[in-house]
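Okay, here's what each chain looks like letter by letter:
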Amino acid sequence: MRPGVRLGVDVGLARIGVARCDSHGILATPVETVPRGSGDLSRIARIALELEAIEIVVGLPLALSGNDTASTADARSFADEISRTSRLPVRLVDERLSTVSAQSALRAAGRTTRNSRAVIDQVAAVIILQHALDFERSARIPPGVVVDTPEGL
């Protein structure tokens, strides 16, 4: 397992959930929900800098069949932009059912969708990051696919 803090990111149309892990890569925890729009990339880059993250893990929303969805291109584009902004390695990882799992976990804790909007994106980011950490620990290889950015950025 590679040591170092990683950020997990759940990209949504209105909000972006951000999670982090400890420096040993064992446990993911929520950080904050960033409003989507002006300043979102710089805020995530600042969080990564403050936490001394070694990489950013972005959830890639795929259909259950493994095909792209309407949100797949948006997540790829966002991952590319955050890679350029933060200058950190960014990995895209399969996030199928992460939001559904987050909603189920919050319901089990007695929270409704209405009173959970502020945290559901953070919980989805935790699930994405924890899945990536567990994969790396068991497979002994980094998860997902690295976003390529042009040289010199």
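See the structure printed just above.
Quick summary incoming for the structure in this document.

Scoring rules and cut-offs
Residue indices follow the written sequence of each chain, beginning from 1 at its first position. This being a predicted model, a pLDDT of at least 70 is required before a residue's local features are given, and a value of 80 or more before pairs of side-chain atoms are given or counted; all residues contribute to the totals for chains, interfaces and linings. Each side-chain value is worked out from all heavy atoms of the structure, with water and hydrogens disregarded. Buried and open spaces are told apart on a 1 Å grid over the protein atoms alone, a cavity being a set of points where a 1.4 Å probe fits but cannot get out and a pocket being an open set with protein on both sides within 12 Å along at least five of seven lines. Residues with an atom within 4 Å of a point are the lining residues. Grid points are joined across faces, edges and corners, and a volume is the space filled by probe spheres set on the points. Every helix listed is a DSSP run of H or I at least four residues long, and every strand listed is a run of E at least two residues long, numbered separately from the N terminus. Only C-alpha atoms enter the line fits that serve as axes; for helices the fit covers just the stretch in contact. Angles between N-to-C directions range over 0 to 180 degrees. Roughly parallel covers angles under 35 degrees, roughly antiparallel covers those over 145, roughly perpendicular covers 65 to 115, and oblique covers all other angles. Working rule for handedness: look at the near helix, and if it is turned counterclockwise from the far one by less than a right angle, call the crossing left-handed; if clockwise, right-handed. Contact definition: two residues touch when any of their heavy atoms are within 4.5 Å. When residue character is reported, Ala, Val, Leu, Ile, Met, Phe, Trp, Tyr, Cys and Pro are called nonpolar, Asp, Glu, Lys and Arg charged, and the others, Gly included, polar. Only protein chains enter the accessibility calculation, which uses a 1.4 Å probe; a residue whose area is less than 20% of its type maximum is buried, one above 50% is exposed, and one in between is partly exposed. Here a polar contact means two N or O atoms within 3.5 Å. Within protein one must be a hydrogen donor candidate and the other an acceptor candidate, and residues neighboring in sequence count only if both atoms are side-chain atoms. One side-chain nitrogen of Lys or Arg within 4 Å of one carboxyl oxygen of Asp or Glu is enough to make a salt bridge. A helix is expected to span 1.5 Å for every residue after the first. Directions drawn from the helix axis to the C-beta atoms are what define this arc.

### Section: the layout of surface pockets
So, step 1. The computed volume of the largest pocket comes to approximately 200 Å³.
So, step 2. Surrounding the largest pocket, eleven residues form its lining, D10, V11, G12, L13 and S71 being those nearest its centre.
So, step 3. Breaking the lining of the largest pocket down by element, the ones donating at least two residues are β1 (6-11) and α2 (72-86).

### Quick notes on the packing of helix α1 (residues 40-50) against α2
So, step 1. It is the contact of α1 with α2, at a shortest axis distance of 9 Å, that shows an interaxial angle of 55°. It follows that α1 is oblique to α2 by the angle criterion. Our pair here, α1 against α2, has a crossing hand that is right-handed. Contacts between α1 and α2 involve D40, L41, S42, I44 and A45 from the first element and F78, E81, I82, T85 and S86 from the second.
So, step 2. Looking at the contact of α1 with α2, its residues break down into five nonpolar, three polar and two charged.

### Re the side chain of Q130
So, step 1. The residue Q130 is located in helix α4 (residues 117-139) in this model.
So, step 2. A relative accessible area of 18% means that Q130 is categorised as buried.
So, step 3. Among the polar contacts listed, one links the side chain of Q130 to the backbone oxygen of I26, at a separation of 3.1 Å.
So, step 4. Sequence-distant contacts of Q130, defined by excluding residues within four places in its chain, comprise I26, L27 and A28.

### What to know about the environment of A53
So, step 1. Position of A53 relative to the elements: it lies in the loop between α1 and β4 (55-60).
So, step 2. Contacts of A53, omitting those with residues within four sequence positions, involve V5, L7, A48 and L88.

### Brief notes about the environment of S138
So, step 1. For S138, the position within the fold is in helix α4.
So, step 2. Take S138: its relative accessible area is 59%, and that puts it in the exposed class.
So, step 3. Along the sequence, S138 and M1 sit 137 residues apart, while their C-alpha atoms lie 9.0 Å from each other.

### Some words on the pattern of salt bridges
So, step 1. Taken as a whole and assessed by the stated rule, the structure comprises 13 salt bridges.
So, step 2. A salt bridge links R36 to D40; the shortest N-O distance between them is 3.6 Å.
So, step 3. When its relative accessible area of 25% is taken as the criterion, R36 is described as partly exposed.
So, step 4. Taking relative accessible area as the criterion, D40 reaches 7% and is therefore assigned buried.
So, step 5. The partner of D80 in a salt bridge is R84, and the shortest N-O contact between them spans 3.1 Å. Of this pair, D80 and R84 both sit in helix α2, four residues apart, roughly one helical turn.
So, step 6. Shared partners join several salt bridges into a network, and the residues in it are R2, R6, E55, R91 and E136.

### Points about α2
So, step 1. For α2, built from 15 residues, the straight-helix expectation of 21 Å at 1.5 Å per residue is met to within 8% by its first-to-last C-alpha distance of 21 Å.
So, step 2. Within α2, burial applies to T72, A75, F78, A79, I82, S83 and S86. Along the axis of α2, the buried positions cluster into a sector of 140°, meaning they face one direction only.
So, step 3. Here the buried face of α2 lies against β1, β2 (15-21), α1, β4 and β5 (90-94).
So, step 4. Residue R87 follows α2 closely and has a positive phi angle near 60°.

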